[in-house]
Amino acid sequence: MQLLEEIDGFLKTFGDGMLKDRISYSLTRDRYDSIYYKKLNMKKIGRFLSAEKSNKYVYFHFENYDLKVEARGDGVFKFSWTDGPKLPVENIEFDDLQLHDNTVSVGNYSISLDENGLYLKDQDGKLIYQGYIPDFNEVLSQSLRIFGDDLFSGLGEKAGPINLRGHVYRLWNHDAKGSYGPDSDPLYLNIPVLLHLHDDVSYLIFFENAGDATVDIGFSREDKVTFYFKSKPMVYYVITGDIKSIYSKFSEITGKPYRPPYWAFGFQQSRYSYMSSAEVRSIVDRFNELGIPLSAIYLDIDYMDEFKVFTFNSDRFWDVKDLTKYLGERGVRLITIMEPNVKMEPGYTIYDEAVKNGYFIKYPDGNIFYAPVWPLMAAFPDFSRNDVREWWGKKYDFMKKNGVSGFWHDMNEPAIFVAWGDNSMALSAAQSNGSHSEVHNLFGYYMDKAAYDHLSKTERPFILSRSGWAGISRYAWIWTGDTETSWKEMKQNLLTILHMSASGISLTGCDIGGFVGSPDAELFIRWLQSAIFYPLFRVHSNKKSKRREPWEFGEKYLGIIRDIIKLRHSFLPQIYSEAISSSITGIPMIRPVYWYSSNPDMLLVDDEYLFGDSILVAPIFSEHSTSRIVKLPPGLWYNLYSDEKVFGEIKVEAPLNMIPIYIRSGSIIARDEGKLILHVFHSEEGESAKIYIDAGGEDSELDISVSKDGKINIHRGSSIKAVTIKFHGVYVKGITINGNTKYIEDNLFEIEEGVNELQLIFQ
Ligand code: MIG
């Protein structure tokens, strides 16, 4: 029945010659999987026997398994029950554990055991985590106890509500087949990582597993979360501490976000597809004429020759080098889509080389795995192999020679056009790190790594990827894929991005305006506003969508759209600084309000976000609405436009041209207003900041602090010359440097090169 429906649906959409390929693939896959795909058949764990200390770690011996416990005094715990495929996580150093009466202690924490499982407690005996003894058979399952009014977030890219509790999710990277909306599951990027917040205490659990899994978060049983894995290993980390430190520690295991180039944070325009060099030129010209900042423009799949990766269609893009030069002179970068599928076509170099060297993924009997995607039958490089990644990475040089500046990795779940069944690779396909069933969720990750490792030798790459796994920000940015165009979905994007943040992913964004559909001016403008501080600021749309360049909405709205894009560009120094800071600390840039407030009322605030610690955005998410309630985390906040100081819960007017943004008192924000201006938002306690400034591909550090009584200390890298300061919330009459006093106007003054200290004179 399901099969017939799928064939029917597919005939409606395509009804083309690909049908044969789809059917032939689906049959082949089913045949191979029926022979080679084996479910797990694991022994039960059995009774607990004894505990034993060995080197720095502790073993809990059970009848059939030995649980290895490793831990760090700062709240990182690792529990290893089985072996399994080698996954890309760092080997962190653990502390020496103490063992007394079957209780492990380290730092201020203890881990004890009874027939119900493992208990992690702090020094006051407060229970932080309770994990039941796992159950092994055809699946590996691990349950966790839910304590009370807990909040759950994470699992990668989830189109769920702010609290995932009460739902069941699958972790299997999956092409949403062209369009999805709220609650669609699974999507392109899944990670077995879950933040569990209760009673002020939080922990994050992360499973080293890249296979198929299901997570039941208090759906079947109100007081339990259960992870069900279809493949090994069963190894997990529990990380506790204050919330920011959790993400710092997590990034030590999965890797820190990379340092992107400054331009990548600017406005990007895309469409499926700009069809020729001439079209791209004319769009860029129009941006210029209208004075709208544009950082990059995209070429979607139609730029290729028969959808062959690393080629250009010579009718439409015969002059790419000239095109990229033309764009470059106007400060615009060209980004091209890249496919992980390689057309099966003897004579096509990429294909021939991979066949000759055995780089493609094969079935267990040694036959190459072929499946239809855009170029019809195609093969897939085994990106899990070092040599394959190196080979693939070097191919980007061809694109670079043509002046392409950034790369967009689509279809890397990997997506496959099937006639029936799962729209990805056969479970039995063999990869160097395991069978596809065990490492599926890493396919995109390793493709991104292939490009990153090569490109990063000579530059800071820009790689935008649809799929990925834990720690993906070390190689690529992620966008939320083929979302529908609707008010609901615009808001869903924020929640999905917040779940990605809760999964440790920092470089995120969405198709502004939604992928499938055509937003009216109001929805488009509100969407652009909601994304004002999303790391990725890109408009993209489907083939059949109406054109969506800024001027397409008519004269009446052009000014508003231009101002939003300009506002974004004025914040680029701050956004960039936060990105560098995130690459150092590992803490994602986009944050939910509940990170900053323990007030239970604030826990479920799902229509606001923070960018870093200091900026709060409260977008308008409903149609025809021109005001909203804003709930501010503790402290005083400045209205960005009026400098009015506000706190608590407020109502704000937001006509179509206005996006409510608040700045935390005590912070210092870097903006580009023709020159760099540091905006100081006064607080009774003084202000301070560490700001990373782009100095032509290098980062220059600037440390600034203002004491309560107005003494400024500033230290800056040698490439930073004079610095302009603007004060908010207090009247500054003048400044004294080396005994010389100067009166100033508009709270604005300059600190010249070489001056490290000065005194403010307040009214
Ligand atoms: O099967 O390249 O998510 O952004 O425009 C669809 C065409 C393939 C899916 C991506 C979308 C892109 C589209 N791609």
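My aim in this report is to walk through the structure given alongside it, one point at a time. (Residues numbered from 1 in each chain as written. Predicted model: local features only at pLDDT ≥ 70, side-chain atom pairs only at ≥ 80, totals over all residues. Heavy atoms only, no water.)

## Describing the overall build of the chain
Stated formally: Secondary structure elements follow DSSP: runs of H or I no shorter than four residues count as helices, runs of E no shorter than two count as strands, and numbering proceeds from the N terminus. Two things to know: the radius of gyration comes from C-alpha atoms, and the globule rule equals 2.2 Å times the number of residues to the power 0.38. Relative accessible area decides the class of each residue, using a 1.4 Å probe on protein chains only: under 20% of the type maximum gives buried, over 50% gives exposed, and in between gives partly exposed.
Scanning the chain from N- to C-terminus turns up 13 helices and 50 strands. Taken over C-alpha atoms, the radius of gyration comes to 27 Å for the chain, in line with the 27 Å a tight globule of 763 residues would show. Taken over the C-alpha atoms alone, the chain extends approximately 85 × 75 × 50 Å along its principal axes. Classification of the 763 residues of the chain by burial places 62% in the buried group.

## Topic: the site of the ligand
The condition that has to hold: Whether a residue is near a molecule or strand is decided by its heavy atoms; if any one of them lies within 4 Å of it, the residue is near. Throughout this description, a polar contact denotes any pair of N or O atoms lying within 3.5 Å of each other; where both atoms belong to protein, one of them has to be capable of donating a hydrogen while the other can accept it, and for residues adjacent in sequence the pair is counted only when both atoms sit in side chains. Using the Shrake-Rupley algorithm and a 1.4 Å probe, accessible areas are obtained, with residue cover drawn only from the displayed protein chains. All residues other than Ala, Val, Leu, Ile, Met, Phe, Trp, Tyr, Cys, Pro, Asp, Glu, Lys and Arg, Gly among them, are scored as polar; the first ten of these are nonpolar and the last four charged.
Asp300, Trp374, Asp410, Asp482 and His540 are the nearest of the 13 residues found near the ligand. In this structure, aspartate 300 approaches the ligand through a side-chain N or O atom, which is 2.5 Å from an oxygen atom. Contact between the ligand and histidine 540: an oxygen atom at 2.8 Å from a side-chain N or O atom of the residue. Protein chains bury 94% of the 350 Å² of accessible surface belonging to the ligand in isolation. Taken together, the residues of the shell around the ligand break down into eight nonpolar, one polar and four charged.

## A look at the layout of surface pockets
Using the following cut-off: Both site types are read off a 1 Å grid over the protein atoms alone. A 1.4 Å probe that fits but cannot get out defines a cavity, while an open set with protein on both sides within 12 Å along at least five of seven lines defines a pocket; lining residues have an atom within 4 Å of a point. Grid points are joined across faces, edges and corners, and a volume is the space filled by probe spheres set on the points.
Its boundaries defined by the atoms lining it, the second largest pocket holds a volume of some 440 Å³. Together, 20 residues line the second largest pocket, and Leu197, His198, Asp199, Asp200 and Val201 are the ones closest to its centre. Looking at the lining of the second largest pocket residue by residue, the classes come out as eight nonpolar, seven polar and five charged.

## Structural notes on the nonpolar core
What counts is decided by this rule: Only buried Ala, Val, Leu, Ile, Met, Phe, Trp, Tyr and Cys residues count toward a nonpolar core, and they belong to the same one when joined by side-chain atoms within 4.5 Å. Every residue pair with non-hydrogen atoms within 4.5 Å of one another is taken to be in contact.
One finds Phe206, Phe369, Trp392, Leu528 and Phe533 to be the most contacted residues of the largest nonpolar core, which totals 189 residues. Here phenylalanine 206 is in contact with Val89, Ile191, Pro192, Val193, Val235, Tyr236, Tyr237, Phe250, Ile253, Thr254, Trp469 and Ala470, once residues within four sequence places are set aside. Phe152, Ala213, Ile217 and Val238 belong to the second-largest nonpolar core, a separate cluster that totals 46 residues.

## Focus: the pattern of salt bridges
One side chain can pair with another of opposite charge once the charged atoms of both are near each other. Applicable threshold: Definition used for salt bridges: Asp or Glu carboxyl oxygen within 4 Å of a side-chain nitrogen of Lys or Arg.
This model, assessed by the stated rule, comprises 45 salt bridges. Taking the shortest distance from any N to any O, the salt bridge between arginine 466 and aspartate 175 comes out at 3.6 Å. Residue arginine 466 is found in the loop between strand E28 (463-465) and strand E29 (477-479), and its partner aspartate 175 is found in the loop between strand E13 (167-171) and strand E14 (190-198); the two are separated by 291 residues along the sequence. Given a relative accessible area of 9%, aspartate 175 falls into the buried group. Between arginine 221 and aspartate 223 there is a salt bridge, with its nearest N and O atoms 3.0 Å apart. The class for arginine 221 is partly exposed, based on a relative accessible area of 42%. Salt bridges sharing partners connect three or more residues here, namely Asp175, Asp410, Glu413, Arg466 and Asp482.

## Considerations on the side chain of asparagine 313
Positionally, asparagine 313 belongs in the loop between strand E20 (296-299) and helix H5 (320-329). At a separation of 3.0 Å, a polar atom in the side chain of asparagine 313 contacts the main-chain amide nitrogen of arginine 316. Not counting residues up to four positions away in its chain, the partners in contact with asparagine 313 are Asp302, Tyr303, Met304, Asp305 and Trp318.

## As for the packing of aromatic side chains
Here is the rule we go by: Centres within 6.5 Å are what make two rings of Phe, Tyr or Trp a pair, Trp counting through its six-membered ring; a difference in plane orientation under 30 degrees is then read as stacked, over 60 as edge-to-face, and the rest as tilted. Charge-over-ring contacts are defined here by two conditions on Lys NZ or Arg CZ: a distance within 6 Å of the ring centre and an angle within 35 degrees of the ring normal.
One pass over the structure, following the stated rule, counts 59 aromatic pairs. Geometrically, the ring pair formed by phenylalanine 462 and tryptophan 477 is edge-to-face, given 5.2 Å between the ring centres and 65 degrees between the ring planes. Of this pair, phenylalanine 462 sits in the loop between helix H9 (443-455) and E28 while tryptophan 477 sits in strand E29, and the two are 15 residues apart along the sequence. Comparing phenylalanine 462 with tryptophan 477, the two get one shared label, buried. Taking the ring centre of tyrosine 326 as reference, the NZ or CZ of arginine 281 above it sits at 5.2 Å. Sitting above the plane of the tryptophan 408 ring, arginine 538 keeps its charged end 4.5 Å from the centroid.

## Describing the pairing of strand E12 (residues 151-156)
Going by this rule: By this definition, two strands are paired if DSSP reports at least two bridges between them.
The buried fraction of E12 amounts to six of the six residues, a majority that puts the element mostly inside the structure. The pairing of E12 with E14 spans five bridges and is antiparallel. Across the sheet, residue serine 153 finds its bridge partner in E14, namely leucine 195.

## Side note on the sheet that holds strand E19 (residues 268-269)
Overall, parallel pairing links the nine strands, which are arranged E30-E29-E28-E25-E21-E20-E19-E32-E31 in an open sheet. What marks the edges here is a single partner per strand, and that holds for strand E30 (508-509) and strand E31 (511-512). One ladder, built from four bridges, connects E20 with strand E21 (residues 333-338); its direction is parallel. Note on E21: the bridge partner recorded for tyrosine 298 is isoleucine 335.

## What about the side chain of threonine 336?
For threonine 336, the position within the fold is in strand E21. Residue contacts for threonine 336: discarding those within four places in its chain leaves Leu299, Tyr303, Phe312, Met399, Val404, Gly406, Phe407 and Trp408.

## With respect to the sheet that holds strand E4 (residues 76-80)
The cut-off we apply is this: Each axis is a line fitted through C-alpha atoms, and for a helix only the stretch in contact is used; angles between axes span 0 to 180 degrees, taken between their N-to-C directions.
Reading across from one edge, E1-E2-E3-E4-E18-E15-E14-E12 is the order of the eight strands in this open sheet, with antiparallel pairing throughout. Both edges of this open sheet fall to strand E1 (48-54) and E12, since each of them pairs with a single strand only. Taken pair by pair, the neighbouring strands of this sheet meet at an average axis angle of 20 degrees, ignoring direction. Here five bridges tie strand E15 (residues 201-207) to strand E18 (residues 235-240), and the two strands are oriented antiparallel to one another. Across the sheet, residue phenylalanine 207 finds its bridge partner in E18, namely tyrosine 236. Against the sheet, helix H3 (residues 243-254) contacts strand E3 (66-72), E4, E14, E15 and E18, and its axis sits at roughly 15 degrees relative to E15.

## Some words on the packing of helix H11 (residues 521-530) against helix H12 (residues 555-570)
Helix-helix packing is described using two parameters, namely the angle between the two axes and the distance between the axes. To be explicit about the condition: For this classification, under 35 degrees means roughly parallel, over 145 means roughly antiparallel, 65 to 115 means roughly perpendicular, and everything else is oblique.
One can describe the packing of H11 onto H12 by two numbers: an axis separation of 10 Å at closest approach and a directional angle of 10 degrees. Here H11 lies roughly parallel to H12, going by the angle between them. Two secondary-structure elements touch here, H11 through Ala521, Phe524, Ile525, Leu528 and Gln529 and H12 through Tyr557, Ile560, Ile561, Ile564 and Ile565. Residue classes in the contact of H11 with H12 are distributed as nine nonpolar, one polar and no charged.

## Remarks on unusual backbone geometry
Omega for the peptide link from aspartate 185 to proline 186 comes to -5 degrees, which places this bond in the cis form. The topology assignment puts proline 186 in the loop between E13 and E14. Cis geometry marks the peptide bond from tyrosine 272 to serine 273; its omega dihedral reads -10 degrees. Even without a glycine there, the phi angle at aspartate 101 is positive, about 45 degrees.

## Side note on helix H7 (residues 386-401)
Spelled out, the test is: Under the convention used throughout, the expected extent of a helix is 1.5 Å for every residue step, that is, one less than its residue count.
The terminal C-alpha atoms of H7, which comprises 16 residues, lie 24 Å apart, in line with the 22 Å expected from a rise of 1.5 Å per residue. Those residues of H7 lying buried are Val388, Arg389, Trp391, Trp392, Gly393, Lys395, Tyr396 and Met399. Tucked into the core, H7 has its buried residues touching E21, strand E22 (342-343), helix H6 (349-357), strand E25 (406-409) and H9. Just beyond H7, the residue with positive phi is glycine 403, at close to 90 degrees.

## Details of the environment of serine 248
With respect to the secondary-structure elements, serine 248 resides in helix H3. Separated by 16 residues in sequence, serine 248 and lysine 232 place their C-alpha atoms 26 Å apart. With sequence-adjacent residues up to four places away left out, serine 248 is seen in contact with Lys256, Thr585 and Ile587.

## A word on the environment of proline 588
Looking at where proline 588 falls in the secondary structure, it is placed in the loop between helix H13 (572-585) and strand E33 (590-591). We classify proline 588 as buried; its relative accessible area is 0%.

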